[in-house]
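For reference, the chains in residue letters:
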Amino acid sequence: MDTKPQSNHVIRTLMGSRFQLVSGVRKPSYMLLEMDRYDEFGHKSPYMFAHCERKLAEAEVLGLKSIADGKGIPLVVIGEIDGNNHDVICMTESKLFGKLGGTIQSFLPLEPDYGEHMTILGRNSLPSGLQGEADDLFEIYVQQGLEFLLQERVVRYGQERKFEVVPDGLIASNSLVFLYDCKAAKGGYAFGRDSIRQFSDYVRSFHERYSAYAPRVHSFLVVSGFFESPKTLPDRSQELYAECQVPLACLTSDEMRAIVEIFSAQPTYRRSVDWKKILSSVIVTADAVRKNLEERKKDKVIPSTEVKTDGNIS
């Protein structure tokens, strides 16, 4: 099945939200996808999705409706249609992504070995089957994991800018900015005075360059396999705050692995979690995320999409 770039993110997001592809065909005006998904009770719900490249004429909608009715499954048009809706569910891409908890840019965090690889890479070791430098791969895994969880743009500066005063990346939205650094360390990452000075330089440089265009940095996130002296992290956070008025948030690869696992089974809830609150903690934990998530579930605003299936998504 050939797909165009504008359809790829739709397919990734549907599959990342546990829809499994039954069949797909490209037409001149739309991509037609037959998919199904199992709910938390093991019931299979089939759907037919038509991702449009332009507004569909009424005759085209009737043709699609006839195909869906022949299979006895509901039709969802992603785009615009002319004429009466004919009992067809029609929505924009943004509304679809909102219902599914946001877009999914990469399948990497949903791969079955993502968590194991995160743990190994965080300790600056190379997992079996991967090629490259462990620290560089760790940055990639962290970026993809953060992008999956936060549903915000995550910029990874990469090795090509390692001689500039920039962190490994930033998480940016219209109202919130986090800077982050990845520290793959075999014996655990130890914060020194140089680390605090370096992070402070990153923050000040960002504010000097972008103060007219972006909010102030909320916190500086450090991700590592583990930290050598966890009890000292609150003190290190105070030191950074004294330098640049931005606190630390520290996340181990094992905790990040657990957080990704929480939402890989229920991606709809990613946007309901108060990530600003979560990333305000000096030590970020999966338990804190679970607690926040349970509070959102009690609100009963977002329907549960947790699924149990032994099928692969990729």
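Residues numbered from 1 in each chain as written. Predicted model: local features only at pLDDT ≥ 70, side-chain atom pairs only at ≥ 80, totals over all residues. Heavy atoms only, no water.

1. Examining the nonpolar core
Right, on to step 1. Among the nonpolar cores identified, the biggest contains 39 residues, and V142, L146, I259, F263 and W275 are the most heavily contacted of them.
Right, on to step 2. Elements represented by at least two residues in this core include exactly helix 4 (114-122), helix 5 (134-150), strand 8 (177-183), strand 9 (217-224), strand 10 (248-252), helix 8 (253-264), helix 9 (275-278) and helix 10 (286-299).
Right, on to step 3. Looking at this core, the element that brings in the most residues is helix 5, giving nine residues.
Right, on to step 4. Other than its neighbours up to four places away in sequence, L146 contacts Q151, V154, I171, Y180, L221 and M256. (Core = buried A, V, L, I, M, F, W, Y, C linked by side-chain atoms within 4.5 Å. Buried < 20%, exposed > 50% of the residue type's maximum accessible area, 1.4 Å probe, protein only. Helix = DSSP H or I, 4+ residues; strand = E, 2+ residues; numbered from the N terminus. Contact = heavy atoms within 4.5 Å.)

2. Regarding helix 8
Right, on to step 1. Compared with an ideal rise of 1.5 Å per residue, which puts 12 residues at 16 Å, helix 8 spans 16 Å between its outermost C-alpha atoms and is within 8% of the ideal.
Right, on to step 2. S253, M256, A258, I259, V260, I262, F263 and S264 are the residues of helix 8 that are buried.
Right, on to step 3. Those residues of helix 8 that are buried lie in contact with helix 4, helix 5, strand 9, strand 10, helix 9 and helix 10. (Expected span 1.5 Å × (residues − 1).)

3. What about the packing of helix 4 against helix 8?
Right, on to step 1. Put simply, helix 4 and helix 8 touch, their axes get as near as 8 Å, and they point 165° apart. Looking at the two axes, helix 4 sits roughly antiparallel to helix 8. Crossing geometry of helix 4 relative to helix 8 is assigned as right-handed. Each of Y114, G115, E116, M118, T119 and G122 in helix 4 lies in contact with helix 8, whose residues at this interface are S253, D254, M256, R257 and V260.
Right, on to step 2. For the contact of helix 4 with helix 8, the residue count by class is four nonpolar, four polar and three charged. (Axes fitted to C-alpha atoms, helices over the stretch in contact; angles between N-to-C directions. Parallel < 35°, antiparallel > 145°, perpendicular 65-115°, else oblique. Left-handed = near helix turned anticlockwise from the far one by under 90°. Nonpolar A, V, L, I, M, F, W, Y, C, P; charged D, E, K, R; others polar.)

4. Regarding the pattern of salt bridges
Right, on to step 1. On inspection of all chains with the given rule, the structure shows 16 salt bridges.
Right, on to step 2. E60 is the salt-bridge partner of R54, the closest N and O atoms lying 2.8 Å from each other.
Right, on to step 3. Here R54 falls in the partly exposed class, since its relative accessible area comes to 41%.
Right, on to step 4. Through salt bridges with shared partners, one network takes in D136, E139 and R156. (Salt bridge = Lys/Arg side-chain N within 4 Å of Asp/Glu carboxyl O.)

5. Considerations on the confidence of the model for the protein
Right, on to step 1. Taken over all residues, the pLDDT of the protein has a mean of 84, while the share at 70 or more is 86%.
Right, on to step 2. Within the protein, strand 10 carries the highest mean pLDDT (97), whereas helix 1 (residues 5-16) carries the lowest (70).
Right, on to step 3. Within the model, the stretch residues 305-314 combines pLDDT values under 50 with 28 contacts to residues more than four positions away or in other chains. (pLDDT = per-residue confidence, 0-100.)

6. What about helix 2 (residues 58-71)?
Right, on to step 1. Compared with the 20 Å implied by 1.5 Å per residue over 14 residues, the 20 Å span of helix 2 between its first and last C-alpha is a close match.
Right, on to step 2. Those residues of helix 2 not exposed but buried are V61, L64, K65 and A68. All buried residues of helix 2 project into a common sector of 105° when viewed along the axis, lining one side. Opposite the buried face of helix 2, by more than 90 degrees, sit the exposed residues A59 and G70. (Arc of directions from axis to C-beta.)

7. Focus: the packing of aromatic side chains
Right, on to step 1. Tallied over the full model, the rule gives 10 aromatic pairs.
Right, on to step 2. Judged by centre distance (5.7 Å) and plane angle (55°), the ring pair of F263 and W275 falls under tilted. Taken as a pair, F263 in helix 8 and W275 in helix 9 lie far apart in primary sequence, 12 residues in all.
Right, on to step 3. The class for W275 is buried, based on a relative accessible area of 10%.
Right, on to step 4. Here K297 stacks its cationic end above the ring of Y269, 5.5 Å away from the centre of that ring. (Phe/Tyr/Trp six-rings, centres within 6.5 Å; stacked < 30°, edge-to-face > 60°. Lys NZ or Arg CZ within 6 Å of the ring centre and 35° of its normal.)

8. With respect to the side chain of S29
Right, on to step 1. Residue placement: S29 occurs in the loop between strand 1 (20-26) and strand 2 (30-38).
Right, on to step 2. Classification of S29 by relative accessible area gives buried; the value is 10%.

9. A word on the environment of Q131
Right, on to step 1. If you trace the backbone, Q131 turns up in the loop between helix 4 and helix 5.
Right, on to step 2. Setting aside its immediate chain neighbours within four residues, Q131 contacts L126 and L137.

10. Considerations on the pairing of strand 3 (residues 44-52)
Right, on to step 1. Pairing of strand 2 with strand 3 involves nine bridges; the strand directions are antiparallel. What sits directly across from L32, in strand 3, is A50.
Right, on to step 2. The pairing of strand 3 with strand 4 (residues 75-78) spans four bridges and is classified as parallel. Bridge pairing in strand 4 links A50 to V77.
Right, on to step 3. For the crossover from strand 3 across helix 2 to strand 4, the handedness is right-handed. (Pairing = 2+ DSSP bridges. Right-handed = clockwise from strand over helix to strand, strands pointing away.)

11. As for unusual backbone geometry
Right, on to step 1. In this structure, N124 takes a positive phi of about 60° despite not being glycine.
Right, on to step 2. Here N124 shows up in the loop between helix 4 and helix 5.
Right, on to step 3. When its relative accessible area of 33% is taken as the criterion, N124 is described as partly exposed.
Right, on to step 4. Here the phi dihedral of Q245 falls at roughly 65°; this positive angle occurs in a residue that is not glycine.
Right, on to step 5. With a relative accessible area of 44%, Q245 lands in the partly exposed category.

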